[in-house]
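Spelled out, the chains give:
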Amino acid sequence: MTFFGLHFQDIVFYTLAAVLLYAAISVITTRNPVYAALYLVLAFFTAAGIWLLLEAEFLAIALVLVYVGAVMVLFLFVVMMLDINLDKLREGFWNALPVALPVGGLMAVEMVMIVGVRNFGADKVIAPPAHAADYSNTAELGRVLYTDYLLPFELASVVLLVAIVAAIALTLRDRKESKSVDPSKQVLVKKADRIRILKMDAVVEKAEDAANTQEAK
């Protein structure tokens, strides 16, 4: 099916690409942090749609479930719960702009040099090959990940483990306002150290005293 000389998949791709570009630019240009997070959610959804066009269903579902369903929800809760002074954050923005622009331009040039324009263009577009009915995108991704890219995968896992340990270490720092619990001391606690049973004599209230109390009330 073609429209104006373009296939339907091409129209969907260009539409998703335009929405993704608009959402990405809006993330860094909008002044409201909540709107920026919502634009980032839109960028994730459109990127997942592009992954679906490339028949990478597992990556698309992982992008939606992990980033949109977990990470971005956490970002939204943190942004809405914190009392962020936007005016104070914008202070010094124009002073840092002369340094930020050359650094950003240098990073853009490096990305173009690494990727190269030779990898883009209509003649470089390769349609995904046809697969059998029992083809599993997830199984193929796991096979490639744990065979050809096993070492980079393990290195990435070590880096993430170090980041987790560093985050826990920063959280458990001894500060005056922080409250911490020692698990070893909790395990050694006995019932007698926490619970004290008191025995009190029962007090029986007579009927006349109860009636007088009710009248007084």
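Per chain, residue numbering runs from 1 following the sequence as it is written. Given that this is a predicted model, residues contribute local features only at a pLDDT of at least 70 and side-chain atom pairs are listed and counted only at 80 or more, while totals for whole chains, interfaces and linings are drawn from all residues. Only hydrogens and water are set aside when side-chain values are computed; all heavy atoms of the structure are taken into account.

Stated formally: UniProt positions are given in the numbering used here, feature names are shortened, and annotations may be inferred rather than shown by experiment.
Per an unreviewed UniProt entry, the protein chain is named NADH-quinone oxidoreductase subunit J, and its organism is Methylotenera versatilis. Under the UniProt heading Catalytic activity (unreviewed entry), the entry covering the protein chain gives this text: "a quinone + NADH + 5 H(+)(in) = a quinol + NAD(+) + 4 H(+)(out)".

A few points about the overall build of the protein chain
Cut-off, in case you're wondering: Per the convention used, a helix needs a DSSP run of H or I reaching at least four residues, while a strand needs a run of E reaching at least two, with both numbered from the N terminus. Classification of residues uses two cut-offs on accessible area relative to the type maximum, computed with a 1.4 Å probe and protein chains only: under 20% is buried, over 50% is exposed, and between them is partly exposed. Any two residues whose heavy atoms approach within 4.5 Å are treated as being in contact. Residue-level accessible areas treat just the shown protein chains as cover; the underlying method is Shrake-Rupley with a 1.4 Å probe.
What the protein chain contains, in helices and strands, is 10 helices and two strands. Residue burial in the protein chain is summarised as follows: out of 217 residues, 10% are buried. In the protein chain, once contacts between residues fewer than 6 apart in sequence are set aside, the share between residues at least 24 apart is 56%. Accessible surface for the protein chain amounts to roughly 19,000 Å². Of this, 68% is attributable to carbon and sulfur atoms.

Concerning a nonpolar patch on the surface
The criterion, for reference: Within the patch definition used here, like charges are joined within 9 Å and nonpolar side chains (Val, Leu, Ile, Met, Phe, Trp, Tyr) within 5 Å, considering only residues with over 30% relative accessible area and no salt bridge. Take a side-chain nitrogen of Lys or Arg and a carboxyl oxygen of Asp or Glu: if they are within 4 Å of each other, that pair is a salt bridge.
Together, Trp51, Leu54, Phe58 and Leu59 line one region of the surface with nonpolar side chains, adding up to about 350 Å² of accessible area. Take Trp51: it is sitting in helix α2 (residues 33-53).

Looking at the packing of α2 against helix α3 (residues 57-81)
Using the following cut-off: Only the stretch in contact is used when a helix axis is fitted, and all axes are lines through C-alpha atoms; the angle between N-to-C directions ranges over 0 to 180 degrees. Oblique is the label for any angle not under 35 degrees, not over 145, and not in the 65 to 115 range, which are roughly parallel, roughly antiparallel and roughly perpendicular in turn.
Contact pair α2 / α3: the axes reach a minimum separation of 9 Å and the direction vectors enclose 175°. By the angle between their axes, α2 is roughly antiparallel relative to α3. Residue-level contacts link Pro33, Val34, Ala37, Leu38, Leu40, Val41, Phe44, Phe45, Ala47, Ala48, Trp51 and Leu52 of α2 to Glu57, Leu59, Ala60, Leu63, Val64, Tyr67, Val68, Met72, Leu76, Val79 and Met80 of α3.

Let's talk about the pattern of salt bridges
Summed over the entire model, instances satisfying the criterion amount to one salt bridge. Taking the shortest distance from any N to any O, the salt bridge between Glu140 and Arg143 comes out at 2.6 Å. Highlighted residues: Glu140 and Arg143, both in helix α6 (residues 137-145), separated by three residues, approximately one helical turn.

Focus on the packing of aromatic side chains
Both the distance between ring centres and the angle between the ring planes are used here to describe each pair of aromatic rings. Going by this rule: The aromatic pairing rule takes the rings of Phe, Tyr and Trp, using the six-membered ring of Trp, and pairs them if the centres are within 6.5 Å, calling planes under 30 degrees apart stacked, those over 60 edge-to-face and the rest tilted.
Within the structure shown, the criterion is met by four aromatic pairs. With centroids separated by 5.5 Å and ring planes inclined at 65°, the aromatic side chains of Phe13 and Tyr14 adopt a geometry described as edge-to-face. We classify Phe13 as partly exposed; its relative accessible area is 35%. Using a relative accessible area of 53% as the deciding quantity, one classes Tyr14 as exposed. Taken together, a centroid distance of 5.3 Å and an interplanar angle of 45° make the contact between Phe44 and Tyr67 tilted. Highlighted residues: Phe44 in helix α2 and Tyr67 in helix α3, separated in sequence by 23 residues. Judged by relative accessible area, Phe44 falls into the buried class, the value being 17%.

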